[in-house]
Structure formats: C-alpha cells, structure tokens
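Listed below, chain by chain, are the residues.
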Amino acid sequence: MTAKGWMAMTTLAAACWTAKGEGWRTYEQTLTLTFESEAQARDAAVTALPLPVGKKVAFSTRWDDSSPEAVAVAKAAVLAEYGYKGTFFLNKVDPAYGENVIRKFLAKGCSAGAHTATHPFLPRIDHNAMFQEVLANRIAIESCGDTCVSTFTLPYRAFTSETDPDRPRAIGECLVRAGLNGGPEHFADSATKFGRSPREWIGALEFSIDDRNPQLDKFEANIARGLKAIAGNSLECGPHLALGTHNWQPDLKAFGEIIGTQANHPDWWYCNANEYVAYRLQMFNTAIVKKGSSGKTAIFAIARPEPFELGDCVPLALRASAGARGAVVDGQTLTLDAARDFTLPHAAARQLPDRIGAVHNEDNAEGEGALKADSTLPALQAALHVDLARNALDLQIKNVSQESLGPLHLTFRLPLKWKRGVVKGDLASLKPGEIRKIPLALGDVETDARYEAGTYYFAAQCDYGDAAGAARLHATASVAAQVRTIE
Ligand SMILES: [Zn+2]
C-alpha cells in the first residue's frame, strides 16, 4: 500500500474509532446525600476510604505455582474453613486445570493470579520473551478459568540483574502493558522497585512462615511487624499484609491451626489479592465531583473505573461529611454507619466477564480466512495480524451470530519496542454478520537493540456484551523480531 493509501485508510478508521490512550475506562453514578441542615448540604463532601467500611487491615494469602489438583483444592478449603481467602499465582494451565482446579478455588472466594507461563528467571531472558511470558500466561489463565487475572508474582522473586540495571523497570513495564495491576512481593514497595507509581501498581507487605514446617512464632512476629507498619502508615502498598506460601507442607492441618489464631478479627478484611488491588485502584482513580445542593440534599457525580478494567467487582467505601443522614445511588438506598461511612456498590449492569476466550493467529495470516472463534464464545470471530513493514496491526472481528454485540472495548497490548504500550478504543456495536477491520498504527519505536531479540508477541483484548452478559476475547499474534544488520 502506498503511503497515501495508508493515510486514507487510517482517516477512514478514525471516523468510527477513538483511541483513548492508557487511561482507565470509567462510568458515572449519581450519589444523592441527605443532611440534617441546609448548611451541611451546601458544605457537603465525600471522600474515599483506604479500606472497606469498618476495616483497618487487609489480609490475603499468596500461593505460587500450578499445584496439583488435590493440593490446590485442599488449600482453598483450609483457607475457607478459617475465613481466609487466597490468590493462586499460576504457571502452565489448560482447560482441564481450569475445570478441576481454578473453578473450585474461585468457588471458595479465592482468585487467580499470573506467575509467568514457564517460570523463568525473568532477568535472564530477552525483553520480548519477558513480555510473552507474562501476557500469554495471563491470557491462558483467564481463558481456562473464565476469570479476570489482574495480579502477578515474580518467579524466584527475581527482578534485578547485575549487568542490566534497567531490568526491574522493564519488568514493571511488561506487567502493566500485559494488564496486570499489582501483587504481593517480599517487599512492600514493589511499585517503586518496578519503576511505577504506587497509585498504579498495588503491592503488599508479604511474609512467609516456613513452607515445609509452618511456625506460629514466625506468623505472630510478622503480623506484629505488619500491624506496626500499618499503624505508622509507612507502607507504600497501603494497609495490606499477605502470607506467602508454597505447597511444600506435608499436610495443611498445622497451617490451618496457625492461621486460625488470627481468624475473625472484626476490623480485618480477609480478602484475596485481586480484591485488594481493585479496591485500592478504585480509591485512587475514582473522581467524586459535587454537582450542587438543594435544600438538605447534595448531589455528587462519581466517575469510577469499569470493573472489567480492575478485574474485580469489589465495592468502594466512602465517608460523607458532617450531618449526613442518608445516601442514595441511582435510586438505590445505602446505609450510613455512625461515622457516616457507607459502601458504594458498582451498578448492577457493570459485570465482570464470566466467559473468556483466546484465539492465536498461528501463522500471522492475513485476510478473512484467518478469522477464528474460541469455543466458549462462538459468536465472535477474530484475527490479529502483525505487519512490521507497515509498522501496524490489523485486527479483524466478525459477528457470526444473529444478535448484535456491543459495546466492544478494545485494548491493544504492544511489546516494549513500541512506545505506545497499551492502546484503547471502543466500538458501539457489531451487527449480525458484520465484519470490522481495524488497523492500528504502532507508532514510535525504541531504537535500543535489546528490544529486537526473539519474538514479538501482540494481543488485542476485546471486552464486550452479548445477550448472556459480559465476555472477553483475546486475539494474539507473534512474529520474529527484526534482525538488525551489523554495520
Ligand atoms: Zn514460583
């Protein structure tokens, strides 16, 4: 295609396609507060709380690696028995693992996280391999478990390199580009270590108590240390403690008895990592704007991130200013406690995808012949094609059902060579039988040769609605990186 022809095509595409950059997609709710006096309504204010109503500590547990079925299910059961939740950070998964393990721990209130596809030392592999290890792993877990994956833990806790001081930042960049938002590590300042803002990457203060022979005194000492840090407000990750373990224990009885000593604290939020990360991102990224007051009522517009972006539907806790007596969001009455704290749920229509699929364009083929559907989502066919000569991606999507699909939220994830990182855009709908071809100019590139080794892996994530609810399809493609001529 000539340069002029390409320009015409991008202009055409732009008419129905708006790239939004990396910002969170948000939606708006209307909050009406009633006060004891008109003056209080005029001065009304609302602030987001760092934890759910009445909670002072968030406590989660971290379980690494794809444990055998019986072990993973037993862990979820012992956690549930004592009122705890866990996040299972998985490597290799397949549909049977999704059915026999992931669904079972999800049913106990646990969540799935990413831990790379093949458990490499990330600092020892090339940048493109790092990105694929992280992103392909997230896509595989999501599609095998039909659950959102928003958290991550490092294999071997490895992120630094003596020969490459930039490696921690590059790992952080891979994680955020892959759609991951946080996760527990042995250090509470993982955002800083990964070169990200603490408002963007959400960690935990994680500790272990001996994976082979769990020790009550270690549990107690680490909790005392964690509670002290939380009381001093000294943790970058906020008030989040995480117990990290592997599946090396001969039985879980001793483990259960140890965690049982800290069960049922009324001011602890026993959560999983995905819930904490989604909560804290909401707290930082929800805009609360007062629209005005009338008599004893004040009205606020609340723009908050879409649950599918956060990976969890956890509600947000808010505190109203002095004199607040009642709160209503979009017609639903909310309960205020004595401190004027209340819980703001997501709108009922904002659901997480509960059917997630993936299609890989095996040969990076072009044309409608490359279109494929995942068996979970037969209505939507997709094919992602990489064209390095044009420095562009082409995403094709086709609705092969009898009903209209939409809206469709597209999120492109690019390897580190491309500066754009994540590109978002939305389509209103895809009619029955309709096919859309969406070209994406990849834009400016990094010239450093370390981004040009191995294989480029690209993904387009499509979140959309159909008659059955919310769904997500990942379309992926890979091509050999360009080999630079040595001059
Ligand atoms: Zn591991």
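Engineer: Before we go on, may I ask you to explain the domain arrangement of the protein chain in this structure?
Structural biologist: In many analyses, interface size is given as the accessible surface area lost on bringing the parts together. You can read the domains of the protein chain as domain 1 (26–50 + 286–344), domain 2 (57–266) and domain 3 (353–480). Computed from C-alpha coordinates alone, the two centres of domain 1 and domain 2 are separated by 33 Å.

Engineer: I'm lost on the coordination of the zinc ion in this one. Help?
Structural biologist: Reference geometry at the metal: tetrahedral coordination by four donors gives ideal angles of 109.5 degrees; octahedral coordination by six donors gives 90 or 180 degrees. Those donors, Asp65 (OD), His115 (NE2) and His119 (NE2), are the protein atoms that reach the zinc ion, and they lie 2.0 to 2.1 Å from it. Along the chain, the residues donating to the zinc ion fall in the pattern D-x49-H-x3-H. Classification of His115 as buried rests on a relative accessible area of 1%. For His119, a relative accessible area of 18% puts it in the buried group.

Engineer: Hey, could you run me through the sheet that holds strand S14 (residues 332–334) in this one?
Structural biologist: Each strand in a sheet pairs with its neighbour through backbone hydrogen bonds, running either in the same direction (parallel) or in the opposite one (antiparallel). Spatial ordering of the open sheet is given by S10-S11-S2-S13-S14, a layout of five strands whose pairing is antiparallel. If you trace the sheet from one side to the other, it starts and ends with strand S10 (287–294) and S14, each paired once. Within this sheet the neighbouring strands show an average axis-to-axis angle of 25°, counted without direction. Looking at chain direction, S10 and strand S11 (residues 297–305) are connected through seven bridges and run antiparallel. Across the sheet, residue Ser293 finds its bridge partner in S11, namely Ala298.

Engineer: What exactly am I supposed to notice about helix H9 (residues 253–260) here?
Structural biologist: Side chains three or four residues apart in an α-helix point the same way, a direct result of the helix having 3.6 residues per turn. Here H9 has its buried residues at Phe255, Gly256, Ile258 and Ile259. Looking straight down H9, one finds that the buried residues subtend no more than 165° of arc, so they occupy a single side. Against the buried residues of H9 lie strand S4 (57–64), helix H3 (69–81), helix H8 (216–231) and strand S8 (240–245).

Engineer: I would appreciate a short explanation of the packing of aromatic side chains in the present structure.
Structural biologist: Note on aromatic pairs: each is described by the distance of the centres and the angle between the planes. Going through the model one piece at a time under the given rule, you end up with 18 aromatic pairs. Measuring from ring centre to ring centre gives 5.9 Å for Phe159 and Phe194, while their planes differ by 90°; the resulting arrangement is edge-to-face. Linking Phe159 in the loop between helix H5 (127–145) and helix H6 (167–177) with Phe194 in the loop between helix H7 (190–193) and strand S7 (205–207), this pair joins segments that are 35 residues apart in sequence. Comparing Phe159 with Phe194, the two get one shared label, buried. Ring plane angle 75° and centroid distance 4.9 Å describe the contact between Trp418 and Tyr456, whose orientation is recorded as edge-to-face. Taken together, the residues span a long stretch of sequence, with Trp418 in the loop between strand S19 (408–413) and strand S20 (422–427) and Tyr456 in strand S22 (residues 455–466) at a distance of 38 residues. Neither residue differs from the other here; Trp418 and Tyr456 are each classed as buried. Among the aromatic residues, those joined into a ring-pair cluster are Phe59, Tyr84, Phe207, Phe219, Trp268 and Tyr270. It is Arg350 that lies over the ring of Tyr27; its NZ or CZ is 4.3 Å from the centre.

What counts and how
Residues numbered from 1 in each chain as written. Predicted model: local features only at pLDDT ≥ 70, side-chain atom pairs only at ≥ 80, totals over all residues. Heavy atoms only, no water. Domains from an automatic or database assignment. Donors = N, O, S within 2.8 Å, 3.2 Å for Na, K, Ca; no water. Buried < 20%, exposed > 50% of the residue type's maximum accessible area, 1.4 Å probe, protein only. Pairing = 2+ DSSP bridges. Helix = DSSP H or I, 4+ residues; strand = E, 2+ residues; numbered from the N terminus. Axes fitted to C-alpha atoms, helices over the stretch in contact; angles between N-to-C directions. Arc of directions from axis to C-beta. Contact = heavy atoms within 4.5 Å. Phe/Tyr/Trp six-rings, centres within 6.5 Å; stacked < 30°, edge-to-face > 60°. Lys NZ or Arg CZ within 6 Å of the ring centre and 35° of its normal.

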